[in-house]
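Chain and residue survey
Read off the chains here:
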Amino acid sequence: MILGGESYVALAEGLQNALWALGGAPLEHRSDSLSAAFRNLDKDAREDLTRRYDALCAHYGMRPTRNNRGIAHENGGIESPHGHLKKAVRDALLMRGTGDFDDLTSYRCFIDEIVSRKNAHHARRIEAERPALQLLPGQRTCDHEETLVTVTSSGGFTLRKVFYTVPSRLIGHRLRVRLYDDRLELFVGGTKLMTLTRGRAGATGKRAHVVDYRHVIHALRRKPMALLNLVYRDQLFPRDAYRMTFDRLLEKLPEKLACRLMVNLLALAHERGCEAELATRLEADLAASQLPDLTELRAGFAPDPAALPEIFVHLLPLTAYEALLGTDIGLNGAINVGEAA
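Computed from a predicted model, the values in this text were never measured in an experiment.

Conventions adopted
- Residues numbered from 1 in each chain as written.
- Predicted model: local features only at pLDDT ≥ 70, side-chain atom pairs only at ≥ 80, totals over all residues.
- Heavy atoms only, no water.
- Helix = DSSP H or I, 4+ residues; strand = E, 2+ residues; numbered from the N terminus.
- Buried < 20%, exposed > 50% of the residue type's maximum accessible area, 1.4 Å probe, protein only.
- Contact = heavy atoms within 4.5 Å.
- Areas by Shrake-Rupley, 256 points an atom, 1.4 Å probe, with all protein chains shown as cover.
- Pairing = 2+ DSSP bridges.
- Axes fitted to C-alpha atoms, helices over the stretch in contact; angles between N-to-C directions.
- Salt bridge = Lys/Arg side-chain N within 4 Å of Asp/Glu carboxyl O.
- Phe/Tyr/Trp six-rings, centres within 6.5 Å; stacked < 30°, edge-to-face > 60°.
- Lys NZ or Arg CZ within 6 Å of the ring centre and 35° of its normal.
- Parallel < 35°, antiparallel > 145°, perpendicular 65-115°, else oblique.
- Left-handed = near helix turned anticlockwise from the far one by under 90°.
- Nonpolar A, V, L, I, M, F, W, Y, C, P; charged D, E, K, R; others polar.

Right, let's get into the overall build of the chain. The secondary structure content of the chain amounts to 13 helices and 11 strands. Within the chain, the proportion of its 341 residues that are buried is 29%. Sequence separation of 24 or more characterises 62% of the internal contacts of the chain that already satisfy a separation of 6 or more. Carbon and sulfur atoms form 54% of the exposed surface of the chain, whose accessible area is close to 22200 Å².

What follows is the structure in structure tokens.
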């Protein structure tokens with residue numbers, strides 16, 4: 001699943017997935033001229049990409065080769081099966097009845113099933129080639145890029161024209177970022193902090209935002225009016241119900257009250273861990289054309305006292321310690337060690 005077009009990261013991840021699924025590495029890896037991946041790179045970047053690709057092939061003991069430019073028929077052995085695979089995916093989507101998936105993982109499972117069925121038809125041919133494969137190395141090699149970023153006072157950082165939010169405790173810290181095709185892994189030193197979904201700027205170069213309201217809710221509670229003009233406001237709301245509720249609040253209330261109430265609702269979702277349940281309540285309020293009652297919602301999502309365990313602490317008398325230690329504690333606090341001790 002290539003999310004951002006042709007790149008070294010996409011190539012390295014996809015190729016290594018194929019090699020480890022196959023259980024071995026061939027003696028040669030053939031690619032096209034990779035012109036699309038090189039087109040917008042300067043000289044230093046092109047040389048860096050070439051070095052990384054050579055290192056990838058060397059890790060698996062493969063000799064890198066490429067097709068001759070302008071001789072399209074050299075790709076025939078690959079392009080035709082690729083076309084059959086794309087046709088199988090289209091047919092499977094038609095049989096499924098929809099192209100919508102809950103998340104990226106669900107779509108990947110869907111594709112893996114199709115590829116597995118097609119590979120099963122070629123099992124005999126694959127087994128015939130297997131003796132010629134090289135053994136795999138002990139582990140995969142690097143299929144990501146690394147860079148350093150600094151978390152600004154706005155509670156985030158910008159990378160590849162995408163703004164990412166992080167917890168406010170990281171403001172001022174310098175983070176090491178591993179950039180994968182679908183995610184970012186953040187490190188402080190050698191400690192992994194978290195994983196963020198990777199965002200991508202629009203085709204026009206417009207900046208994108210990957211925002212988690214939990215990261216900024218504490219700052220918003222201090223300045224709720226900031227919600228009104230946030231450039232990433234649409235990405236801030238975790239579900240459609242929250243976005244539509246804010247639109248309704250702006251219609252019915254003054255801006256200051258609307259912002260304060262919306263920020264309190266987001267804070268309630270975060271602090272009580274009731275994001276999904278609160279969204280259901282907000283949808284009901286929207287359907288009934290009424291505004292949410294914050295007092296009622298806070299009472300409804302408060303911890304249930306009956307569910308809290310009662311803990312009884314039994315304090316032991318000091319004489320029990322005296323018997324254990326064989327000591328005598330005087331009234332003045334002095335400890336007299338007995339002969340038996």
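Bringing the sheet that holds strand S9 (residues 208-210) into the picture now. Here we have three strands laid out as an open sheet, ordered S4-S5-S9, and mixed in their pairing. One side of each edge strand has no neighbouring strand; the edge strands of this open sheet are strand S4 (156-159) and S9. On average, each strand axis in the sheet is inclined to that of its neighbour by 20°, with strand direction left out of account.

In this structure the tally under the stated criterion is 20 salt bridges. Between Arg-200 and Asp-181 there is a salt bridge; the shortest N-O distance is 3.1 Å. With a gap of 19 residues between them, Arg-200 in the loop between strand S8 (191-197) and S9 and Asp-181 in the loop between strand S6 (174-179) and strand S7 (183-188) connect regions that are remote in the sequence. Note on Asp-181: relative accessible area 2%, which makes it buried.

Bridge count between S6 and S7: four bridges; the pairing is antiparallel. What sits directly across from Arg-176, in S7, is Phe-187. Turn length for the S6-S7 hairpin, with the two strands adjacent in sequence and antiparallel, is three residues. Relative to S8, S7 is paired through six bridges, and the arrangement is antiparallel. Pairing of Leu-186 across the sheet is with Met-194, part of S8. Between S7 and S8, which follow one another and run antiparallel, lie two residues, and Gly-189 among them has a positive phi close to 65°.

Position of Gln-16 among the secondary structure elements: in helix H1 (residues 8-22). Gln-16 has contacts with Leu-56, Tyr-60, Arg-140, Thr-141, Cys-142 and Asp-143, leaving out every residue within four places of it along the chain.

Using the criterion set out here, one finds six aromatic pairs in the structure. Summarising the aromatic geometry, the rings of Phe-101 and Tyr-107 are spaced 5.0 Å apart at their centres and angled 75° between planes, so their arrangement reads as edge-to-face. Given a relative accessible area of 21%, Phe-101 falls into the partly exposed group. These aromatic residues form a ring-pair network of at least three members: Phe-101, Tyr-107 and Phe-110. Seen from the ring of Phe-101, Arg-96 lies directly overhead, with NZ or CZ sitting 3.9 Å from the centre. Looking at Arg-176, its charged tip hangs above the ring of Phe-187, at a distance of 4.9 Å from the centre.

Across the interface, helix H7 (residues 213-222) lies against helix H10 (residues 255-271) with an axial gap of 10 Å and an inter-helix angle of 130°. By the angle class used here, H7 and H10 are oblique. Relative to H10, H7 is oriented so that their crossing is left-handed. Note on element contacts: H10 touches H7 through Val-263, Asn-264, Leu-266, Ala-267, Ala-269, His-270 and Glu-271, opposite Tyr-213, Arg-214, Ile-217, His-218, Leu-220 and Arg-221. Residues belonging to the contact of H7 with H10 are distributed by class as follows: seven nonpolar, three polar and three charged.

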